[in-house]
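Structural description and commentary
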Amino acid sequence: QVQLVESGGGLVQAGGSLRLSCAGSGRTFNSVYDMGWFRQAPGKEREFVAGIGRSGTRTYYADSVKGRFTISRDNAKNTVYLQMNSLKPEDTAVYYCAAAFRWGATPSRTADFDSWGQGTQVTVSS
């Protein structure tokens with residue numbers, strides 16, 4: 001298993017930026033397949049935000065964040081990042097990182113991922 005800890009959340013005005021980090025320990029990141037970011041707003045289901053393949057060259061995004069968010073990973077540091085620009089109030093949610101131990105083309109369902117962090121709150125004010 002991998003233990004995941006998110007950081008970098010906070011309160012930001014609309015149009016601002018935040019960079020989330022997810023540090024892993026335990027099983028090394030280069031033996032994990034895809035990493036993903038999900039988010040969950042109050043009263044809503046957890047939704048996929050972005051994913052990245054093992055080498056970091058394959059990335060994929062939800063339509064709602066495409067062009068504004070960038071996912072990256074550093075296997076040497078066991079860390080995955082989510083750079084969030086041009087933030088909107090509708091981006092307000094708890095953001096979770098997740099690790100997949102099984103190969104998938106573009107895993108984006110919660111069931112595709114095996115380990116989860118505790119989440120970090122992102123609040124975007126209008």
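Our structure is the block above this text.
Residues numbered from 1 in each chain as written. Predicted model: local features only at pLDDT ≥ 70, side-chain atom pairs only at ≥ 80, totals over all residues. Heavy atoms only, no water.

**Observations concerning the state of the cysteines**
Here a disulfide denotes one covalent bond, and it connects the sulfur atoms of two cysteines. A complete count under the given rule lists 1 disulfide for this structure. Between the sulfur of Cys22 and that of Cys97 lies a disulfide, 1.9 Å long from S to S. Residues Cys22 and Cys97 share a disulfide whose torsion about the S-S bond is about 45°; that sign makes it right-handed. With Cys22 in strand S3 (residues 18–26) and Cys97 in strand S9 (residues 93–99), the pair connects residues that are 75 residues apart, well separated along the chain. (Disulfide = S-S within 2.5 Å. Helix = DSSP H or I, 4+ residues; strand = E, 2+ residues; numbered from the N terminus.)

**Notes on the pairing of strand S4 (residues 35–40)**
Of all 6 residues that make up S4, 5 are buried, and the element is covered over most of its length. As paired strands, S4 and strand S5 (residues 47–52) are joined by 5 bridges and run antiparallel to one another. When the sheet's bridge partners are listed, Met35 is paired in S5 with Ile52. Across 6 bridges, S4 lies against S9 in antiparallel orientation. Residue Phe38 lies in a different strand from S9, and its bridge partner there is Tyr96. (Buried < 20%, exposed > 50% of the residue type's maximum accessible area, 1.4 Å probe, protein only. Pairing = 2+ DSSP bridges.)

**Thoughts on the pattern of salt bridges**
Applying the stated criterion to the full structure yields 7 salt bridges. Ionic pairing is found between Asp91 and Arg39, a salt bridge with its closest N-O pair at 2.9 Å. Placement of the pair is Asp91 in the loop between strand S8 (79–84) and S9 and Arg39 in strand S4, with a sequence separation of 52 residues. Classification of Arg39 as buried rests on a relative accessible area of 6%. For Arg68, the salt bridge is made with Asp91, and the minimal N-O distance between the two is 2.8 Å. Remark: Asp91 occurs in the loop between S8 and S9 and Arg68 occurs in the loop between strand S6 (59–61) and strand S7 (69–74); sequence separation between them is 23 residues. (Salt bridge = Lys/Arg side-chain N within 4 Å of Asp/Glu carboxyl O.)

**Overview of the sheet that holds strand S1 (residues 2–7)**
Each strand in a sheet pairs with another by means of backbone hydrogen bonds, the pair being arranged parallel or else antiparallel. The sheet built from 4 strands is open, its strands ordered S1-S3-S8-S7 with antiparallel pairing. Sheet topology places S1 and S7 at the edges, where each strand pairs with a single neighbour. Averaged over neighbouring strand pairs, the angle between their axes works out to 15° when direction is ignored. Two strands pair when backbone bridges link them, and S3 and S8 are joined in this way by 6 bridges, in the antiparallel orientation. Each residue of the ladder has a partner; that of Ser21, found in S8, is Tyr81. (Axes fitted to C-alpha atoms, helices over the stretch in contact; angles between N-to-C directions.)

**Some remarks on the environment of Ser7**
On the secondary structure map, Ser7 appears in strand S1. Judged by relative accessible area, Ser7 falls into the partly exposed class, the value being 37%. Along the backbone, Ser7 and Arg19 are 12 residues apart, and their C-alpha atoms lie at a distance of 8.7 Å.

**Points about the environment of Gln13**
Checked against the element boundaries, Gln13 lands in strand S2 (residues 10–13). A relative accessible area of 60% places Gln13 in the exposed class. Gln13 sits 110 residues away from Thr123 along the chain, and the two C-alpha atoms are 8.3 Å apart. Discounting residues that sit within four places of it in the chain, Gln13 has contacts with Val124 and Ser125. (Contact = heavy atoms within 4.5 Å.)

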